[in-house]
Amino acid sequence: MENIENADILKAEIKSILAYKSKDGATFQDVKDEYAYLMGKELCFDSEKQFNNFMRTMSDTYSTGGDGHMLWFSNSTKSKHISTMVQNQKPPREIPIRKHAPLKRTLFFNSTGTCYYNDNYVYKNKRSYKSDCNLSEIKRTRKAASFYNYELVGDDFFLNIANLDCNQRLEHATNQTGFKGRPIKLCGLCVSGQSIRSVTNMFESNVITSNQIILNVGSVDLLHGRTFIEMQTDFMDLYSELESRGVHTVITTLAPLANKLYSKEIQKRWRQFNSFLLDQFPNVIDITCCFVTNTNRVRFECYQGAPKYVTGSSQAHLLWNYVGRQRVLKHLKDSLAELAYSSSIFNSDL
């Protein structure tokens, strides 16, 4: 068999697909379709026979069936945890979500002359919240990771995309420490442990000078126990700040927190917040489909092997792996194209 360019990388990609198909196995056509979806290009095999010959050179894989349509499985110890989680995953329990009417917001001033909205005055004046990441003191402007002329803004999930997939240099905050006193990692406008309010602080401090962003934020708030109404209020404040600065914002929903699926309370707030984003704002891309199957099962194969502590949060994160990040990037690319097309149709009708 002729040599295949980047064979080791191709083997790792195929093993990731096999881990996803761990229950039923994968045929050549299954792998071919999934590879094209993830990578945006065709698998480099002209025939199933050629593919099967390549698979026989791989360790930690095995097959069943004859020389026809063979089923391939991954037997790798590195992907064994994925197979176990997929096979043991319980059927999802549906939680009805209320549709949220648009918030009626009125501006007024308190006794100190500070301007507030009526729906967050009590919250801002009666409650205090301190996240592990507060970068309002960072005054310098950072070069953001660009994705099709949109700059990425988010927490550790987007930070990995910015660093590993957009080749943005990883930095450390010099004047702010996070969990256990470690310097907070940041990559462009993606900051470890970044909450909704932290993004608002960055805009108010003129750290962000972007006029076109993709925003993925809220996972940290979920992990730190923020209530839905608090997240809703913070996000309305953030969006108002973005609008006042003329920033064109594309919002993404939040992916499932795969290490917190056991928590019904977190799952409820996650569904409520995603429903709120989809109902209330324009230009929202729902990335849930990248991590949940048509039968509402979480795709554990899109996450790293185990949760880990990040520099900006005291809560462990189960971050997306290469497969998960590629799914998100492809979905963003396709959705941005659809948004641009819809916008051009709308403008042509004016």
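Residues numbered from 1 in each chain as written. Predicted model: local features only at pLDDT ≥ 70, side-chain atom pairs only at ≥ 80, totals over all residues. Heavy atoms only, no water.

*Asks:* Can you walk me through the overall build of the protein chain in this structure?
*Replies:* Across its full length, the protein chain carries 11 helices and 14 strands. By residue count, 51% of the 350 residues in the protein chain fall in the buried class. Counting only contacts in the protein chain whose residues sit at least 6 apart along the sequence, the fraction spanning at least 24 positions is 68%. With an accessible surface of roughly 17,700 Å², the protein chain has 48% of that area assigned to carbon and sulfur atoms. (Helix = DSSP H or I, 4+ residues; strand = E, 2+ residues; numbered from the N terminus. Buried < 20%, exposed > 50% of the residue type's maximum accessible area, 1.4 Å probe, protein only. Contact = heavy atoms within 4.5 Å. Areas by Shrake-Rupley, 256 points an atom, 1.4 Å probe, with all protein chains shown as cover.)

*Asks:* Explanation requested: the state of the cysteines in the structure shown.
*Replies:* Simply put, disulfide is the name for a covalent bond between the sulfur atoms of two cysteines. Counting across every chain of the model gives 0 disulfides. Looking at the unpaired Cys 190, the closest cysteine sulfur is the one in Cys 187, lying at 6.7 Å. This cysteine, Cys 302, is not joined by any disulfide, and Cys 290 carries the nearest cysteine sulfur, 7.8 Å off. (Disulfide = S-S within 2.5 Å.)

*Asks:* Can you walk me through helix α7 (residues 196–204) in this structure?
*Replies:* Each α-helix turn comprises 3.6 residues. Residues three or four places apart therefore point the same way. With 7 of 9 residues buried, α7 lies mostly within the body of the structure. Every buried residue of α7 is accounted for by Ile 196, Ser 198, Val 199, Thr 200, Asn 201, Met 202 and Phe 203. Those residues of α7 hidden inside the fold are in contact with β6 (150–154), β9 (189–191), β10 (212–216), α8 (219–223), α9 (228–244) and α10 (264–280).

*Asks:* Looking at this structure, how should I read the packing of aromatic side chains?
*Replies:* Given two aromatic rings, their pairing is described by the distance between the two centres and the angle made by the two planes. Inspection of the entire model under this criterion finds 15 aromatic pairs. For the pair Phe 157 and Trp 320, a centre-to-centre distance of 5.0 Å together with 40° between the ring planes defines the contact as tilted. Here Trp 320 lies in the loop between β14 (316–317) and α11 (322–349) and Phe 157 lies in helix α6 (residues 156–165), a separation of 163 residues in the sequence. Here Phe 157 and Trp 320 have matching classes, each one buried. (Phe/Tyr/Trp six-rings, centres within 6.5 Å; stacked < 30°, edge-to-face > 60°.)

*Asks:* When you look at the pattern of salt bridges in this model, what are you seeing that I'm missing?
*Replies:* Two side chains carrying opposite charge are able to pair once their charged atoms lie near each other. Under the defined criterion, the tally for this structure stands at 10 salt bridges. When the shortest N-O distance is used, the salt bridge between Arg 245 and Glu 241 registers 2.7 Å. Residues Arg 299 and Glu 301 are paired through a salt bridge, measuring 3.9 Å at the closest nitrogen-oxygen approach. Both residues of the pair, Arg 299 and Glu 301, count as buried. Here the residues in one salt-bridge network are Arg 197, Asp 221, Arg 226, Glu 230 and Asp 234, joined through shared partners. (Salt bridge = Lys/Arg side-chain N within 4 Å of Asp/Glu carboxyl O.)

*Asks:* Help me out: how do you make sense of α10 in this one?
*Replies:* Taking 1.5 Å per residue, 17 residues should reach 24 Å; α10 reaches 24 Å between its end C-alpha atoms and fits that length. Residues of α10 that are buried include every one of Ile 266, Gln 267, Arg 269, Trp 270, Gln 272, Phe 273, Asn 274, Ser 275, Phe 276, Leu 277 and Gln 280, and no others. Close packing links the buried residues of α10 with α7, α8, α9, β11 (248–252) and β12 (284–285). (Expected span 1.5 Å × (residues − 1).)

*Asks:* Can you walk me through the packing of α9 against α10 in this structure?
*Replies:* When two helices pack together, their arrangement is captured by the angle between the axes and the distance separating the axes. Their axes nearest at 10 Å, the elements α9 and α10 cross at an angle of 30°. Considering their axes alone, α9 and α10 lie roughly parallel with respect to each other. Of the two elements, α9 crosses α10, and the hand of that crossing is right-handed. Contacts between α9 and α10 involve Phe 228, Met 231, Gln 232, Phe 235 and Met 236 from the first element and Arg 269, Gln 272, Phe 273, Phe 276 and Leu 277 from the second. (Axes fitted to C-alpha atoms, helices over the stretch in contact; angles between N-to-C directions. Parallel < 35°, antiparallel > 145°, perpendicular 65-115°, else oblique. Left-handed = near helix turned anticlockwise from the far one by under 90°.)

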